Every structure is written in structure tokens, then in C-alpha cells.
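In case you want the letters, here they are:
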Amino acid sequence: MKKSYSLFAAIAVMLLFAGCTAAKNIENSKNLRVGMTKAQVLEVMGRPVEDEAYCKPDVWFYFVESVWMDGLTTRDECMPLVFENGKLIGWGNNFYTRHSTVGVRRNAAELKVAQAEAKKKAAAKKKTATPKKSTK
């Protein structure tokens, strides 16, 4: 019986802490502005979630709500902040989704352009290379 009270108390403290962190992150996010440096964002928001598979150098995640009540911090419980060239360009799941989709399309378009240029170079190289005639 004593173990179950300890477990219940630990879970209650964990949920209370998670709720406080989420509320603090939501409140702090009201001070974010596009163009802020990473250092400025750290001053406003504090440290982002770290050591998770979804963490990236130019996308920081901040815990904002408990969805699963499992003690883990999953991406769907976080608010993403997106940086480009060291500057904040936007935040929130909607912005992150749009930015990620645009990035994928932009990368695909750049790949097509690069492939077309490579084909042109290969064709030009083939044209300029004249076969040597044998003189027998």
C-alpha cells in the first residue's frame, strides 16, 4: 500500500511540474519575434527539449501540453521553433508543417534543376569530344 502512495505522489509531482513548464513555455512564447537570434530565443524561452530523435539544430521544440501522460516528451506535445541562418523564422505546428513541406518541395525542385544541368553538361561534353579517326 505504501508503494502505491509513493507512486501516486511521484506521478502527481511529475504532472504538476509538466503543467507548470507547459504554461511557462506558452507564456514565454508571447515574447517571440521573427528575426530573433538563437541566443535571444534562449533568453526568452530557456533550454529547448534535447536528446530526442525529433530534435534538429534548426528546429527547437518546447513542451507545451501533456497528451499521453506517459512521462515522455513527444513531438506532438511540443511547440516547434524554426530557425534559418541562425534567425527565428516562425513557430508553432502549423508553421513547422508548412515550412517542412515547402522545404521538401524546394529540395526536390533544386534536385531537378541540378539533374537538368548535369544532363546539359554531359551532352555538351559529348558534343565537344570528337572521336579520333584512325589513319591506317
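Residues numbered from 1 in each chain as written. Predicted model: local features only at pLDDT ≥ 70, side-chain atom pairs only at ≥ 80, totals over all residues. Heavy atoms only, no water.

Two side chains carrying opposite charge are able to pair once their charged atoms lie near each other. Within this structure, the stated rule accounts for 3 salt bridges. Between K38 and D58 there is a salt bridge whose closest N-O contact spans 3.0 Å. With K38 in helix α2 (residues 38–45) and D58 in the loop between α2 and β1 (59–63), this residue pair connects regions lying 20 residues apart in the sequence. In this structure D58 comes out as partly exposed when scored by relative accessible area, which is 36%. Between R47 and E50 there is a salt bridge, with the nearest N and O atoms lying 2.4 Å from each other. (Salt bridge = Lys/Arg side-chain N within 4 Å of Asp/Glu carboxyl O. Helix = DSSP H or I, 4+ residues; strand = E, 2+ residues; numbered from the N terminus. Buried < 20%, exposed > 50% of the residue type's maximum accessible area, 1.4 Å probe, protein only.)

In globular proteins that are soluble, nonpolar side chains generally tend to be buried together. Listed in full, the 11 residues of the largest apolar core are L32, M36, V41, M45, W60, Y62, V64, M79, L81, F83 and L88. Put simply, the parts of the chain that give this core at least two residues each are α2, β1 and β2 (78–84). It is β2 that provides the largest number of residues to this core, a total of 3 residues. Setting aside its immediate chain neighbours within four residues, L32 contacts V41, V44, M45, L81, L88 and W91. Grouped together as the second largest cluster of nonpolar side chains are 8 residues, V59, C78, F95 and Y96 included. (Core = buried A, V, L, I, M, F, W, Y, C linked by side-chain atoms within 4.5 Å. Contact = heavy atoms within 4.5 Å.)

Our next topic: the pairing of β2. The buried fraction of β2 amounts to 6 of the 7 residues, a majority that puts the element mostly inside the structure. Sheet topology note: the β1/β2 ladder contains 5 bridges and is antiparallel. Counterpart to F61 in the pairing with β2 is P80. Relative to strand β3 (residues 87–91), β2 is paired through 4 bridges, and the arrangement is antiparallel. Counted as the bridge partner of F83 is L88 from β3. Once β2 ends, the chain turns through 2 residues before running back antiparallel as β3, passing N85 with a positive phi of about 55°. (Pairing = 2+ DSSP bridges.)

The strand order β1-β2-β3 describes an open sheet built from 3 strands, whose pairing is antiparallel. On the outer flanks of this sheet lie β1 and β3, each paired with one strand and no other. The average undirected angle you get between the axes of adjacent strands in this sheet is 30°. (Axes fitted to C-alpha atoms, helices over the stretch in contact; angles between N-to-C directions.)

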